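Listed here are the chains, written in short residue letters.
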Amino acid sequence: MTRPKWQALRVELNERAAIFSEGFPGVLEAAGAEAIDWFTQDVAQEVLFTFAGAWPALGRDQANVERRYVYVAPAGVAYRLRGIELAPGAIVVDDIVVL
């Protein structure tokens, strides 16, 4: 299993770029051992690809439209990941929560 190389992770697609926040590894650790085991380099790339590629269609936070969410459920565990658009076309994934 390959652990993500956080500084090297970046996806550019559809005039948008997505990265993980500096604090994301700590947030992932707080989500628990299952989340850490699931979150390989390939999964991390897929998450960034989803945020960059599907940004306009993602679920929105009504109180803050710069926030969007991706929901995934590998092996029966559901996670919600949050992305924030800091500037047009610049998305930072900063949170993961076990649902």
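Residues numbered from 1 in each chain as written. Predicted model: local features only at pLDDT ≥ 70, side-chain atom pairs only at ≥ 80, totals over all residues. Heavy atoms only, no water.

S.K.: If you had to explain the pairing of strand β2 (residues 16-20) to someone new, which residues and values would you point to?
M.R.: Most of β2 sits inside the fold, with four of its five residues counted as buried. Bridge analysis of β2 against strand β6 (residues 90-98) gives four bridges, and the strand direction is parallel. If you follow alanine 18 over to β6, its bridge partner there is isoleucine 91. (Buried < 20%, exposed > 50% of the residue type's maximum accessible area, 1.4 Å probe, protein only. Helix = DSSP H or I, 4+ residues; strand = E, 2+ residues; numbered from the N terminus. Pairing = 2+ DSSP bridges.)

S.K.: Help me get a handle on the sheet that holds β6, residues and values and all.
M.R.: Here six strands make up an open sheet; going across it, the order is β1-β2-β6-β5-β4-β3 and the pairing mixed. A single partner strand is all that each edge strand has here, and the edge strands are β1 (11-13) and β3 (59-61). Looking at each pair of strands side by side, their axes are set apart by 30 degrees on average, direction ignored. With six bridges joining them, strand β4 (residues 64-72) and strand β5 (residues 79-87) adopt antiparallel strand pairing. Bridged to tyrosine 69 within β5 is arginine 82. In this fold helix α1 (residues 24-31) packs onto β2, β5 and β6, with an angle of close to 15 degrees to the strand it touches most, β6. On top of the sheet, helix α3 (residues 41-54) reaches β1, β2, β4, β5 and β6; it is set at about 145 degrees to β2, its chief contact. (Axes fitted to C-alpha atoms, helices over the stretch in contact; angles between N-to-C directions. Contact = heavy atoms within 4.5 Å.)

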